[in-house]
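Listed below are the residues making up each chain.
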Amino acid sequence: QVHLVESGGGLVQAGGSLRLSCAASGSIRRINAMGWYRQAPGKQRELVAVINSGGSTNYADSVEGRFTISRDNAKNTVPLQMNSLKPEDTAVYYCNVQTQDGLGYQYNYWGQGTQVTVSS
């Protein structure tokens, strides 16, 4: 079992910055992709950014150039630096981690979510 703890959400004015972080702990043999998703009220959960085990990243078009995802493999953490925030970035942000056990089975884990609110 893998446990994810998110931190860093909050209230910020438009144009400001926030840094989210997610730490994975538990029975981890190998972490493949780590990422962040978000869900705004009345909308479906969407991908924000993802980083694979090799360090390759993928961003939603709406955050490209403003958000930066990274990972610390020694600490099993995945920070998300969010700059130039806009009111439309307001959502609950969820950490996602995909792991693989010794037999090659893959598992998908979600954090509890952290609220990000951007005021205009």
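Please refer to the structure placed before this passage.
Source: prediction; values computed, not measured. (Residues numbered from 1 in each chain as written. Predicted model: local features only at pLDDT ≥ 70, side-chain atom pairs only at ≥ 80, totals over all residues. Heavy atoms only, no water.)

## Thoughts on unusual backbone geometry
Here's step 1: Non-glycine residue Asn76 carries a positive phi angle of around 55°.
Here's step 2: Its place among the elements puts Asn76 in the loop between strand 7 (67-69) and strand 8 (80-82).
Here's step 3: The phi angle at Ser84 is positive, at roughly 50°, despite the residue not being glycine.
Here's step 4: Checked against the element boundaries, Ser84 lands in the loop between strand 8 and strand 9 (91-100). (Helix = DSSP H or I, 4+ residues; strand = E, 2+ residues; numbered from the N terminus.)

## Regarding a nonpolar patch on the surface
Here's step 1: Together, Leu103, Tyr105 and Tyr107 line one region of the surface with nonpolar side chains, adding up to about 380 Å² of accessible area.
Here's step 2: Tracing the backbone shows Leu103 in the loop between strand 9 and strand 10 (106-110). (Patch = residues over 30% accessible without salt bridge, like charges linked within 9 Å, V, L, I, M, F, W, Y side chains within 5 Å. Areas by Shrake-Rupley, 256 points an atom, 1.4 Å probe, with all protein chains shown as cover. Salt bridge = Lys/Arg side-chain N within 4 Å of Asp/Glu carboxyl O.)

## Quick word on the packing of aromatic side chains
Here's step 1: A full pass over the atoms with the stated rule returns one aromatic pair.
Here's step 2: For the ring pair Tyr37 and Trp110, a centre distance of 5.0 Å and an interplane angle of 70° mean the geometry is edge-to-face. Separated by 73 residues along the polypeptide, Tyr37 in strand 4 (residues 30-39) and Trp110 in strand 10 bring together distant segments of the chain.
Here's step 3: The positively charged end of Arg45 is found above the aromatic ring belonging to Tyr94, 3.7 Å away from the centroid.
Here's step 4: Looking at Arg45, its charged tip hangs above the ring of Trp110, at a distance of 4.6 Å from the centre. (Phe/Tyr/Trp six-rings, centres within 6.5 Å; stacked < 30°, edge-to-face > 60°. Lys NZ or Arg CZ within 6 Å of the ring centre and 35° of its normal.)

## A few points about the state of the cysteines
Here's step 1: If you walk through the whole model with that rule in mind, you get one disulfide.
Here's step 2: Bridging Cys22 to Cys95, the disulfide has an S-S length of 2.1 Å. One disulfide, between Cys22 and Cys95, carries an S-S torsion of -80° and so falls in the left-handed class. You can see Cys22 sitting in strand 3 (residues 18-26) and its partner Cys95 sitting in strand 9, a full 73 residues away along the chain.
Here's step 3: Overall, the relative accessible area of 0% leaves Cys95 in the buried class. (Disulfide = S-S within 2.5 Å. Buried < 20%, exposed > 50% of the residue type's maximum accessible area, 1.4 Å probe, protein only.)

## Here we look at the sheet that holds strand 3
Here's step 1: What the four strands build is an open sheet, ordered 1-3-8-7; its pairing is antiparallel. Two strands close off the open sheet at either side, each with one partner strand: strand 1 (2-7) and strand 7. Sheet twist, expressed as the mean angle between neighbouring strand axes with direction ignored, is 15°. (Pairing = 2+ DSSP bridges. Axes fitted to C-alpha atoms, helices over the stretch in contact; angles between N-to-C directions.)

## What to know about the pairing of strand 9
Here's step 1: Of all 10 residues in strand 9, seven are buried; the element is thus mostly enclosed.
Here's step 2: In this structure, strand 4 lies alongside strand 9, joined through eight bridges in antiparallel fashion. Paired with Tyr37 across the strands is Tyr94, a residue of strand 9.
Here's step 3: Note: strand 9 against strand 11 (residues 114-119), three bridges, orientation antiparallel. In the strand pairing of strand 11, Val92 is matched with Gln115.
Here's step 4: Two strands pair when backbone bridges link them, and strand 9 and strand 10 are joined in this way by five bridges, in the antiparallel orientation. The residue bridging Gln100 from the neighbouring strand is Gln106, located in strand 10.

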